[in-house]
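# Examining the three-dimensional arrangement
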Amino acid sequence: MRRLTVEVKDLVARYGEHTVLNGVSMAVEPGEVHVILGGSGCGKSTLLKNIVGLEQPADGSVTLLGVDQQTAEESEWEGTLARIGLLFQGGALINSITVHDNVALPIQERSGDLPRAIIDEMVRMKLALVGLDHAAALTPPELSGGMKKRAALARAMALDPEVLFCDEPSAGLDPITAAALDRLILDLRDRFGMSVVVVTHELASIETIADQVTMLGKGEVLAAGKLAEVRALEVPEVRAFFDRVGDVAYGERASILRKLTEKERQ
C-alpha cells in the first residue's frame, strides 16, 4: 500500500476560545491534486496552516510525508519541510529584491554552501518552468498580478518539492490569467509527479484541477471524495456551493479553458 502524502486525523484548531476546525480528517494520495474547498470563513486556510506547521493543532494529528508532526524531533520536521513547497495567497514575495533573488532564497536556506553558479542555474530553470526567465532582474512591484503568482510558484518549486501547497492561487486574477495558472499547476504536477494541495473557493479552478476534494463547512467536513461524487451529493450546503448562479468568472474561465484545450489539440 502506498504511503499517504498527507494524513489528517480528528484535527481541532482554535483561536483563543473560538473553535475553527472540529474533528477534521482528510488524506492526500501521492500524485493527486486535492482541493480543500468551501465558503469564506469555513477554515480552509487554517487547515492548510496546521498541515504545514504554521499553526499547531489543539488536538488530533497531522502526518506529512510519513512524518508525524506532533511526535517528530525538530530536525526531522525541518527536513520534512524542505520536501514541500508553499504558494502563499498573496505571493509573499520580498519587494526589495529581484525575482531571481526571491526564488534563490529557499535554495540558499536549505542547500548550504552551493556555488553561486549552481544556484543561479537552478533559479533560471525554475523561472523558465513558469515562463518568467525574462523577468529575473525585475522586482515584484514591476510585475503584473499574474507574474507575481508565477514568480511565487517558481520559488515554491525551487527545491523540487514532493508536495506543493497552494493557498487561493488564482485569487484576484482575471479569468485568462487564472485559467493559465490552473493549467500551469497541472503541468507541473504531471512533469514532477508531485502531490498538490490547493485551498480555493473558485468553481472554475475546482472543476479544472481537482482529483479529490475535501469540503468544509462550519469547521467540519461536509463531504469528501472524487469531485464528481461530491458534486452529486444531495446535501443542501454542497448543492448551494456548486449551484451558485451568476458566477461570471466561472463561465469566462470555463470558456477560456475549452479554447486552450482545443488549441493544444491542433
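See the structure printed just above.
Fair warning: this is a prediction, and the values are worked out from it, not measured in the lab.

## Digging into the overall build of the protein
Across its full length, the protein carries 10 helices and 10 strands. Compactness check: the protein gives a C-alpha radius of gyration of 19 Å against a globular reference of 18 Å for 266 residues, within 12% of the reference. For the protein, the C-alpha atoms occupy an extent of roughly 55 × 50 × 40 Å along the three principal directions. Put simply, the protein has 266 residues, and 47% of those count as buried. Taking as baseline every contact in the protein between residues at least 6 positions apart, the subset at least 24 positions apart corresponds to 66%. Surface summary for the protein: the accessible area is close to 12,800 Å², and the carbon and sulfur share equals 51%.

## A look at the sheet that holds strand β4 (residues 59-64)
The strand order across the open sheet formed by 4 strands is β2-β1-β4-β5, and the pairing between neighbours is antiparallel. Each end of this open sheet is capped by a strand with a single partner; those strands are β2 (18-28) and β5 (67-68). Relative to β5, β4 runs antiparallel, the two being bridged by 2 bridges. By the bridge assignment, Thr 63 is partnered in β5 with Asp 68.

## Overview of the side chain of Glu 168
Tracing the chain through its elements places Glu 168 in the loop between β7 (163-167) and α6 (175-192). One buried charged residue, Glu 168, forms no salt bridge at all, with the nearest opposite charge on Lys 44 at 4.3 Å. In this structure the side chain of Glu 168 is engaged in a polar contact, spanning 3.2 Å, whose partner is the side chain of His 201. Those residues within four positions of Glu 168 in sequence are excluded, and the remaining contacts are Lys 44, Gln 89, Lys 149, Val 199, Thr 200 and His 201.

## Digging into the side chain of Thr 200
On the secondary structure map, Thr 200 appears in the loop between β8 (195-199) and α7 (203-209). A distance of 3.1 Å separates the side chain of Thr 200 from the backbone nitrogen of Glu 202, its partner in a polar contact. Contact partners of Thr 200, with chain neighbours within four places excluded, come to Val 35, Ile 36, Leu 37, Gly 38, Lys 44, Glu 168, Ser 205 and Ile 206.

## Notes on the nonpolar core
Counting 49 residues, the largest nonpolar core has Val 35, Leu 37, Leu 153, Leu 164, Val 196, Ile 206 and Phe 242 as the members making the most contacts within it. Residues contacting Leu 153, with those up to four places away along its chain left out, are Leu 87, Val 130, Leu 164, Leu 181, Leu 184, Ile 185 and Leu 188. Grouped together as the second largest cluster of nonpolar side chains are 28 residues, Met 26, Val 62, Leu 86 and Val 163 included.

## Considerations on α6
Spanning 18 residues, α6 covers 26 Å between terminal C-alpha atoms, matching the ideal 26 Å at 1.5 Å per step. Of the positions making up α6, those classed as buried are Pro 175, Ala 178, Ala 179, Leu 181, Asp 182, Arg 183, Leu 184, Ile 185, Leu 186, Leu 188 and Arg 189. Note on α6: the residue one or two positions beyond its end, Gly 193, has a positive phi of about 65°.

## Let's talk about the sheet that holds strand β10 (residues 220-226)
Two pairing modes exist for strands in a sheet, parallel and antiparallel, and in both the strands are linked by backbone hydrogen bonds. Sheet architecture is open: 6 strands sit in the order β6-β7-β8-β3-β9-β10, paired in mixed fashion. Looking along the sheet, the strands with just one partner apiece sit at the ends: β6 (84-87) and β10. Strand-to-strand twist across the sheet, computed as the mean angle between neighbouring axes with direction ignored, equals 15°. Here strand β3 (residues 33-37) pairs with strand β9 (residues 212-217) via 4 bridges, running parallel. Note on β9: the bridge partner recorded for Leu 37 is Met 215.

## Let's talk about the pattern of salt bridges
Inspection of the entire model under this criterion finds 11 salt bridges. A salt bridge links Asp 190 to Arg 189; the nearest nitrogen and oxygen atoms lie 2.7 Å apart. Since its relative accessible area comes to 54%, Asp 190 is described here as exposed. Look at Arg 189 and you get buried, because its relative accessible area is 13%. Here Asp 243 and Arg 239 are joined by a salt bridge, their closest N and O atoms 3.0 Å apart. With a relative accessible area of 18%, Arg 239 lands in the buried category. Through salt bridges with shared partners, a single ionic network connects Asp 101, Arg 116 and Asp 120.

## Here we look at the environment of Gly 131
Summarising the element assignment, Gly 131 is placed in the loop between α4 (116-129) and α5 (145-156). Residues Gly 131 and Arg 150 lie 19 residues apart in sequence; the distance between their C-alpha atoms is 8.0 Å.

## A short note on the packing of helix α3 (residues 99-110) against α4
Look at α3 against α4: their axes get within 9 Å of each other, and the N-to-C directions meet at 115°. Where α3 crosses over α4, the handedness of that crossing is right-handed. Listed contacts from α4 to Val 99, His 100, Asp 101, Val 103, Ala 104, Ile 107 and Gln 108 of α3 are Arg 116, Ile 119, Asp 120, Met 122, Val 123, Lys 126 and Leu 127. Looking at the contact of α3 with α4 residue by residue, the classes come out as 8 nonpolar, 2 polar and 4 charged.

Rules and cut-offs
- Residues numbered from 1 in each chain as written.
- Predicted model: local features only at pLDDT ≥ 70, side-chain atom pairs only at ≥ 80, totals over all residues.
- Heavy atoms only, no water.
- Helix = DSSP H or I, 4+ residues; strand = E, 2+ residues; numbered from the N terminus.
- Rg over C-alpha atoms; globule rule 2.2 N^0.38 Å.
- Buried < 20%, exposed > 50% of the residue type's maximum accessible area, 1.4 Å probe, protein only.
- Contact = heavy atoms within 4.5 Å.
- Areas by Shrake-Rupley, 256 points an atom, 1.4 Å probe, with all protein chains shown as cover.
- Pairing = 2+ DSSP bridges.
- Lys, Arg positive; Asp, Glu negative; His and termini not counted.
- Salt bridge = Lys/Arg side-chain N within 4 Å of Asp/Glu carboxyl O.
- Polar contact = N/O pair within 3.5 Å; in protein donor to acceptor, adjacent residues only side chain to side chain.
- Core = buried A, V, L, I, M, F, W, Y, C linked by side-chain atoms within 4.5 Å.
- Expected span 1.5 Å × (residues − 1).
- Axes fitted to C-alpha atoms, helices over the stretch in contact; angles between N-to-C directions.
- Left-handed = near helix turned anticlockwise from the far one by under 90°.
- Nonpolar A, V, L, I, M, F, W, Y, C, P; charged D, E, K, R; others polar.

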